[in-house]
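Coordinates in review
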Amino acid sequence: MNRTAVAAFTVAGWSGFYVMLVELLSSRILAPYFGSSIYVWGAIIFIFMLGLAIGYLLGGLYSRHDATLRRLCVLQAASALATLPTVVWGDQVSGWLFDTGMDVRYGSLAACMALFFIPTAFAGMVSPYAVRLVIKDRETSGRTAGYLYFVSTLGSSAGTLLTSFYFVLWWDVNHIFAGAIAVSLALCAAVALTVGGKRSEIA
Amino acid sequence: MRTFPGKTAALALVAAAISLSGAPAGAQGQKLLHEEKSLYRNIRVLEEDGQRCLMFRARRLVGYQSCIQPNEPDKLVLEYSRMMLAGLYMNAAPPKKVMIIGLGGGVLPRTLQALLPNAKIDVVELDPGVDKVARGWFGFKPGPNMRVVISDGRVFVKRRPKTEAPYDLVLLDAFNEDYIPEHMLTREFLEEVKATMSPNGVIAANTFSGTELYDHESTTYKAVFGAFYTLPRANRIIIARLGGPPSMAEVRANAATWEEAFRKRGASQDNLLPMISTRVDWDEKARIFTDQYSPSNLLNSRKRG
């Protein structure tokens, strides 16, 4: 496997990890205001699924024009940076929506939309964009896409387990967010600086 | 694509939270009277040795939430429910306004309604299924001074209008050994509860012992309420009063005024007073739970060394 592919797989795997880390922690941000009832989880899952769906759509469209690893990195970095306002203002936004007195179901949905839709959509763009970068030819395209889903989904499962089993036991929610954002930016900078300009395998 | 992990992982979480379905009840001598799946859990009503108990857990046939003796419905069967009543020992004046978070079989609300006929009592319960079962199987009948609100406890406390009269007594009974709502065991939550209480208001909380949670829970209560009394048994009851705990002499004097009413319910100062302790037997450096750091269920699964 060449360096472009290794880099694309790494970013996709981390992106999968990152989304699930954020999804699990999102419940911690909402719980003080909206509880942790089934409808809060419903709101969270709805927004994350919606964000990913829109991200897949946009990522696929975006990949048609001059796809490079550097742009892949920018997508993941954008997802990470879009989480920053959540860390800084998550509490205020939840509080403000809570204070409107609206039904807790719609309150949690609105808070989730405001805080997590954009980072999730950017993260969703990564996978289809990475597919574009690693596919060589039609013959192996399905297999390559399969590898990519494998890596990205494996990242998601790891992010889910590590966050819920260990990270919340070791660190504050905001510290976990900050760490994950820092890893995203460091990874993207490293990839962009080393092999960033590389175009995809097939023109 | 990643639809998969997101969906399955998150759904698995929800599924784990709402359905612990499985093994039928039916250990020796236990009779399953009623079973229903609520939004949040399986609710079972079991009868054994003349006692009727409410249970949430599916596989292990211990861990009763509430028990009554149908032929003596006023009797407090479970020790922890008698221990919670020691909250009434903290002030000479009986509470005029009470909040109970966590309904269970409605035993504590029913008892307080009888002991404090003039008090306004708010009962907050998350699960409408629990309310239904309490009314149907445990003789829970809210009177005109009682309001039952189906809501998350924290949401209720946050949303409570500041113009309402403050609570003189708060009973926190929303936890069981299987699952702790983690957002209701943090410094921020306890501060919010504190803000709803009157100047000498009392909080009695049914909490845990025997796991690592013990230390963290203790330091968290200490951080918000200062020194407090505990009644340490299998369950541990924490009783804190705003403005500091009363002297034991005051506690004893107040206890005497309740003795007659308590005895009718199977509780007595003879049992309760010796349990009341100020002993600090936890690690005072244990990290305080906050909205940022609240792995209470994880810590509750670790036996205390």
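Residues numbered from 1 in each chain as written. Chains lettered and ligands numbered in written order. Predicted model: local features only at pLDDT ≥ 70, side-chain atom pairs only at ≥ 80, totals over all residues.

**Section: the overall build of chain A**
In terms of helices and strands, chain A carries six helices and zero strands. Along chain A, helices and strands appear, N-terminal first, in the series α-α-α-α-α-α. Radius of gyration (C-alpha) of chain A: 17 Å, near the 17 Å computed for a compact globule of 203 residues. Once the C-alpha set of chain A is aligned to its principal axes, its extents read approximately 55 × 30 × 25 Å. When each of the 203 residues of chain A is scored for burial, the buried share is 53%. Restricting to contacts in chain A with at least 6 residues of sequence separation, those with at least 24 account for 88%. (Helix = DSSP H or I, 4+ residues; strand = E, 2+ residues; numbered from the N terminus. Rg over C-alpha atoms; globule rule 2.2 N^0.38 Å. Buried ≥ 20, exposed ≤ 12 C-beta atoms within 10 Å, placed from the backbone. Contact = placed C-beta atoms within 7 Å.)

**What about the overall build of chain B?**
When you go through chain B residue by residue, the secondary structure sums to ten helices and eleven strands. Scored against the burial criterion, the 305 residues of chain B give a buried share of 45%.

**Regarding the environment of Gln 65 of chain B**
Residue and element names in this part refer to chain B. Mapped onto the fold, Gln 65 is located in strand 4 (residues 64-68). Among the residues examined, Gln 65 registers 23 C-beta atoms within 10 Å and is labelled buried. Sequence spacing of Gln 65 and Phe 156 is 91 residues, and the spatial spacing of their C-alpha atoms is 22 Å. Once you skip the residues sitting within four places of it in the chain, Gln 65 turns out to touch Leu 54, Met 55, Phe 56, Gly 104, Gly 105 and Asn 176.

**Some points on the sheet that holds strand 8 (residues 167-172) of chain B**
All names here are of chain B. Strand order across the open sheet formed by seven strands is 7-6-5-8-9-11-10, with mixed pairing between neighbours. Unpaired on one side and paired on the other, strand 7 (146-150) and strand 10 (229-232) mark the two borders of the sheet. Between one strand axis and the next, the sheet turns by 15° as a mean value, whatever way the strands run. (Pairing = 2+ DSSP bridges. Axes fitted to C-alpha atoms, helices over the stretch in contact; angles between N-to-C directions.)

**A word on the nonpolar core**
If you look at the biggest cluster of nonpolar residues, it comprises 148 residues, and the most contacted ones within it are Ala 8, Val 11, Leu 72 and Ala 130 of chain A together with Ala 86, Ile 203 and Ile 239 of chain B. Setting aside anything within four residues of it in sequence, one finds Val 11 of chain A in contact with Leu 72, Cys 73, Gln 76, Val 126, Ala 130, Leu 187 and Val 191 of chain A. (Core = buried A, V, L, I, M, F, W, Y, C linked by C-beta atoms within 7 Å.)

**Thoughts on the pairing of strand 8 of chain B**
Residues and elements named next belong to chain B. Most of strand 8 is tucked away, with six of its six residues classed as buried. Looking at chain direction, strand 5 (residues 97-101) and strand 8 are connected through four bridges and run parallel. Residue pairing in the sheet places Val 98 in a bridge with Leu 169 of strand 8. Pairing geometry for strand 8 and strand 9 (residues 197-207), over five bridges, is parallel.

**Description of the pairing of strand 9 of chain B**
Residues and elements named next belong to chain B. Burial analysis of strand 9 places eight of its eleven residues in the buried class, which makes it a mostly covered element. Examined bridge by bridge, strand 9 and strand 11 (residues 236-241) share six bridges and lie antiparallel to one another. Bridge assignment links Val 202 to a residue of strand 11, and that residue is Arg 241.

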